[in-house]
Amino acid sequence: YPPPDEILKMKGDAARGKTVFESPAAACTSCHKIGSVGKEIGPDLTKINEKYDRRAMLDRILNPNAAILVGYETHLVVTTDGEVLTGFLVTNGETVTIKDVQGVQHALPKAKIARHKQLDTSLMPDNVAMGIKPAELADLVEYLLSKNKN
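Just so you know, these numbers come straight off a predicted model, no measurement behind them. Numbering of residues starts from 1 in each chain and follows the order in which that chain's sequence is written. In keeping with the predicted nature of the model, local features appear solely for residues at pLDDT of at least 70, side-chain atom pairs appear and are counted solely at 80 or more, and the whole-chain, interface and lining totals rest on all residues. Just so you know, side-chain values use all the structure's heavy atoms and leave hydrogens and water out.

A. Expanded view of the packing of aromatic side chains. Only rings of Phe, Tyr and Trp enter the pairing, Trp through its six-membered ring, and a pair is recorded when the two centres are within 6.5 Å. The plane angle decides the type: under 30 degrees is stacked, over 60 is edge-to-face, the rest tilted. Enumeration according to the criterion identifies two aromatic pairs in this entry. Centre to centre, the rings of Phe 21 and Tyr 143 are 5.7 Å apart; their planes meet at 55°, and the pair counts as tilted. Here Phe 21, found in helix α2 (residues 14–21), pairs with Tyr 143, found in helix α4 (residues 134–145); they are 122 residues apart in sequence, far enough to count as distant. For the exposure calls, accessible area comes from a 1.4 Å probe over protein chains only, and a residue counts as buried if that area is under 20% of its type's maximum, exposed if over 50%, partly exposed in between. Given a relative accessible area of 0%, Phe 21 falls into the buried group. Measuring from centroid to centroid gives 5.1 Å for Tyr 72 and Phe 88, while their planes differ by 85°, and the two rings are edge-to-face. Of this pair, Tyr 72 sits in the loop between α3 (54–62) and β3 (74–79) while Phe 88 sits in strand β4 (residues 84–92), and the two are 16 residues apart along the sequence. Using a relative accessible area of 27% as the deciding quantity, one classes Tyr 72 as partly exposed. Taking the relative accessible area as the measure of exposure, Phe 88 reaches 7% and is therefore buried. Runs of E in the DSSP output that reach at least two residues are strands. Runs of H or I that reach at least four are helices, and both are numbered from the N terminus.

Without other data, these values stay purely geometric and don't point to any function.
Listed below in structure tokens is the structure:
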């Protein structure tokens, strides 16, 4: 894979980037949503263009563990029955609710939890871009930065 600076020099195309975003190879829509397209598991990317520039956007894709958004930290829960769950913490009280990578919420009474730990890694795989070509990655960044994501 070329270094990020090489990808940043490529001229991306937002229309092609939309196709990449929705493709099975990139798998963005399996966790992220833009408008009505995709799933609400990870952060909604509809207004991500208001937060990041091109370099930062590419870095977030290539290095998802570098900066995990508050509320999207990965939690590991092991129940007293030995069930292992990973996902986002939805509630943390007498009942602990974890939202897994399929978007399913698991509500567990605190008494049924043997172990609960916040992890330092994102649920987004750090090799997520390996399924797409560098030019497609440039297109994806262009799409994410576009103002009108139709």
